[in-house]
Amino acid sequence: MKPARSLVLSLVAALAATLGAVWVALPAFAAGPTASFVKTADWGSGWEGKYTITNGGSSTINGWSLAFDLPSGTTLGSYWDALLTSAGQRHTFTNRSWNGTITPGASVSFGFLASGSGSPSGCQLNGAACGGGTPPTTPPPTTPPPTTPPPTTPPPTDPPTGDLPKHLLTGYWHNFDNPAVELRLRDVPNEYDLVAVAFAEATATPGALTFGIDPGLAAALGGYTEADFTADVRTLHSRGKRVILSVGGETGRVTVNNAASATAFADTAAALIARYGFDGIDIDLENGLNPTYMAQALRALRAKVGSSLIIAMAPQTIDMQNPAGGYFKLALDIKDILTVVNTQFYNSGAMLGCDQNAAYGQGTVNFIVALACIQLEAGLRPDQVGLGLPAGPGAAGGGIVAPSVVNAALDCLARGTNCGSFRPPRTYPGIRGAMTWSVNWDVSNGNGFANAVGPHLDTLP
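Since we're looking at a predicted model, the values are computed, not measured. (Residues numbered from 1 in each chain as written. Predicted model: local features only at pLDDT ≥ 70, side-chain atom pairs only at ≥ 80, totals over all residues. Heavy atoms only, no water.)

1. Looking at the side chain of D284
Phase 1: Following the sequence through the fold, D284 ends up in strand β17 (residues 280-285).
Phase 2: Classification of D284 as buried rests on a relative accessible area of 0%.
Phase 3: Of the polar contacts made by the side chain of D284, one reaches the side chain of Q344; its length is 3.3 Å. (Helix = DSSP H or I, 4+ residues; strand = E, 2+ residues; numbered from the N terminus. Buried < 20%, exposed > 50% of the residue type's maximum accessible area, 1.4 Å probe, protein only. Polar contact = N/O pair within 3.5 Å; in protein donor to acceptor, adjacent residues only side chain to side chain.)

2. Describing the packing of aromatic side chains
In this description, an aromatic ring pair is defined by two values, namely the gap between the centres and the angle between the planes.
Phase 1: Under the criterion given, the structure shown has 26 aromatic pairs.
Phase 2: Ring plane angle 20° and centroid distance 5.8 Å describe the contact between F68 and F93, whose orientation is recorded as stacked. Of this pair, F68 sits in strand β5 (residues 65-69) while F93 sits in strand β8 (residues 90-94), placing them 25 residues apart in sequence. By the burial criterion, F68 is buried, and F93 matches it.
Phase 3: The exposure class assigned to F93 is buried, which follows from its relative accessible area of 0%.
Phase 4: Among the aromatic side chains, those forming a connected cluster through ring pairs are F37, W47, Y51, W64, F68, F93, F110 and F112.
Phase 5: The side chain of K39 reaches across the aromatic face of W47, ending 4.7 Å from its centre. (Phe/Tyr/Trp six-rings, centres within 6.5 Å; stacked < 30°, edge-to-face > 60°. Lys NZ or Arg CZ within 6 Å of the ring centre and 35° of its normal.)

3. Describing the sheet that holds strand β11 (residues 121-125)
Phase 1: If you walk across this open sheet you meet the five strands as β7-β8-β5-β11-β12, and the pairing is antiparallel. The strands lining the two open edges of the sheet, one partner per strand, are β7 (83-87) and β12 (128-129).
Phase 2: Here five bridges tie β5 to β8, and the two strands are oriented antiparallel to one another. What sits directly across from L66, in β8, is F93. (Pairing = 2+ DSSP bridges.)

4. Overview of unusual backbone geometry
Phase 1: Following A198, the chain continues to F199 via a peptide bond in cis, the omega torsion being 10°.
Phase 2: Examined against the element boundaries, F199 turns out to sit in strand β14 (residues 194-202).
Phase 3: Of note, the bond from W437 into S438 is cis; its omega dihedral lies within 30 degrees of zero at 5°.
Phase 4: Among the structural elements, S438 can be located in the loop between β23 (433-437) and α9 (439-444).

5. As for the packing of helix α4 (residues 259-276) against helix α5 (residues 291-305)
Phase 1: The interhelical angle for the contact between α4 and α5, taken along N-to-C directions, is 35°, at an axis separation of 8 Å. In terms of crossing hand, the pair formed by α4 and α5 is right-handed. Touching A259, A262, F265, A266, D267, A269, A270 and I273 of α4 are Y293, M294, Q296, A297, L298, A300, L301, K304 and V305, all from α5.
Phase 2: Among the residues making up the contact of α4 with α5, the classes are represented as 14 nonpolar, one polar and two charged. (Axes fitted to C-alpha atoms, helices over the stretch in contact; angles between N-to-C directions. Left-handed = near helix turned anticlockwise from the far one by under 90°. Contact = heavy atoms within 4.5 Å. Nonpolar A, V, L, I, M, F, W, Y, C, P; charged D, E, K, R; others polar.)

6. Comments concerning the pairing of β8
Phase 1: Sheet topology places β7 next to β8; five bridges connect them, and they run antiparallel. Following the sheet pairing, L84 is matched in β8 by F93.
Phase 2: Here β7 folds back onto β8, and the loop between the two strands holds two residues, one of which, G88, carries a positive phi near 65°.

7. A short note on the pattern of salt bridges
Phase 1: For the structure shown, the criterion picks out ten salt bridges.
Phase 2: For E226, the salt bridge identified is with R275, shortest N-O distance 2.7 Å. Residue E226 is located in helix α3 (residues 226-238), and its partner R275 is located in helix α4; the two are separated by 49 residues in the primary sequence.
Phase 3: In this structure, the salt-bridge partner of R426 is E377, at a minimum N-O distance of 2.9 Å. (Salt bridge = Lys/Arg side-chain N within 4 Å of Asp/Glu carboxyl O.)

8. Some remarks on the nonpolar core
Phase 1: By size, the foremost hydrophobic cluster in this structure holds 93 residues, and its most contacted members are W173, L185, F229, F265, I281 and I283.
Phase 2: Broken down by element, this core gets its largest block of residues, ten residues, from helix α7 (residues 365-377).
Phase 3: In contact with F265, other than residues within four places in its own chain, are G207, A208, L209, V247, V254, V256, I281, I283, M294, A297 and L298. (Core = buried A, V, L, I, M, F, W, Y, C linked by side-chain atoms within 4.5 Å.)

9. Notes on the state of the cysteines
A covalent bond bridging the sulfur atoms of two cysteines is what the word disulfide describes.
Phase 1: By the definition in use, this model includes three disulfides.
Phase 2: Paired by a disulfide, C354 and C373 hold their sulfur atoms 2.1 Å apart. On the sign convention where negative is left-handed, the bridge of C354 and C373, at about 80° about the S-S bond, is right-handed. Of the two residues, C354 sits in the loop between β20 (351-352) and β21 (359-360) while C373 sits in helix α7, which places them 19 residues apart along the sequence. For the pair formed by C354 and C373, the shared burial category is buried.
Phase 3: Here the chain pairs its bonded cysteines, counted in sequence order, in the arrangement 1-2, 3-4, 5-6. (Disulfide = S-S within 2.5 Å.)

10. Description of α4
Phase 1: With 18 residues, α4 ought to run about 26 Å at 1.5 Å a step, and its terminal C-alpha atoms sit 26 Å apart, in line with that.
Phase 2: When we look at burial in α4, the residues that qualify are S261, A262, A264, F265, A266, A269, A270, L272, I273 and Y276.
Phase 3: Its side-chain oxygen at 3.2 Å from the backbone nitrogen of A260, N258 defines the N-terminal cap of α4.
Phase 4: Downstream of α4 by a residue or two, G277 has a phi angle that is positive, lying close to 85°. (Expected span 1.5 Å × (residues − 1).)

11. Here's the deal with the pairing of strand β3 (residues 46-55)
Phase 1: Across the ten residues of β3, eight count as buried, placing the element largely inside the fold.
Phase 2: Two elements, strand β2 (residues 33-42) and β3, share nine bridges in a ladder whose sense is antiparallel. Residue pairing for β3: F37 is matched across the bridge by Y51.
Phase 3: One ladder, built from nine bridges, connects β3 with strand β10 (residues 107-115); its direction is antiparallel. The partner of T52 across the bridge, within β10, is S109.

Function cannot be read off these values alone, since they describe shape.
Written as structure tokens, this is what we have:
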């Protein structure tokens, strides 16, 4: 959830493994930097592409630029793990801050969505031929992305809420120091209903979690011990708030991909919940996940903790585009025990909405509503869908919106009012609420997000 977060597309790996990607083979004699292209999905009216840049030379590459042409009538939509500039049908992708250095033998990738037919041509990497041949024009057979026919039975509009408010404001609390203001947990503003502590970390045992107060944070606060933190959890409980432990983040490397690691996850998460008094767990894995074994881990954790366990998720926008993707599949597989999915509607570029008709630009009511609509129409209940947005300047690299835009999106989804040009096929009065990255950035920016969105949630049906 940190700024300049990596938009890793777990869906690409899943589709490529399932559908059999068609790779453009590099010549056996290729040396130095080369780039190869693959269509990882194709649904007739559009497709998903991925370039992999490999350093086959003996010197480290420090910064890269890859350009190609698209046929007339083919347009780019959303993209990830690169920056984009375009001039007509010529598109140039350059590295992000975290993937510009490629050591000898290493590779980096970026991906994008395109509308129309055809494939890239005229590829150049740092001004030279990509060396990967001409991309294939016949893509592998794939399953099309979700369409939007209205369900035969409208989603429930008065869902169960347990002891949580019907409409939630969720905020992430930093267990680290960065340019945002440092806070003790007890100093989280009262407008937040659910506080996600960021983050639990991986251990040397696959799947196992650990958590402790970050030394940098403790120093910045003039001393903050684990006893202080645990007391602060109890303080928030006394105010009627709930505190969950978030797993992952931008640099998180928690891996649950077999039965043993699923057991380790459940056992260590249960121990941390008991030790600190957490009310649940939040899955914020930005480097991919295995839905089968993560579902196994979460069900085992719930069996240990009980039915009061809060299970939240914070996928990146691209991870909730298609129910076949790992994150989306996990949400649907644990729908019976899932509390809320707070998708990060930022750092995303432009993306298709549930109408599959246009690429909506981030930072707009249209973008938030059209992408939330995918989840609402593809299987999640309204009470399981939350809108994740940055808390203001500094909190994200793109998609920052005024709180009024968040409120308008909530109104459009819950009431059918204050919509942009996109209108969902129905209203969802039970929409769960909003999430922000982060409490610390919100406090740094004068509490504008909490002060505007929190009270607005109370006005929803």
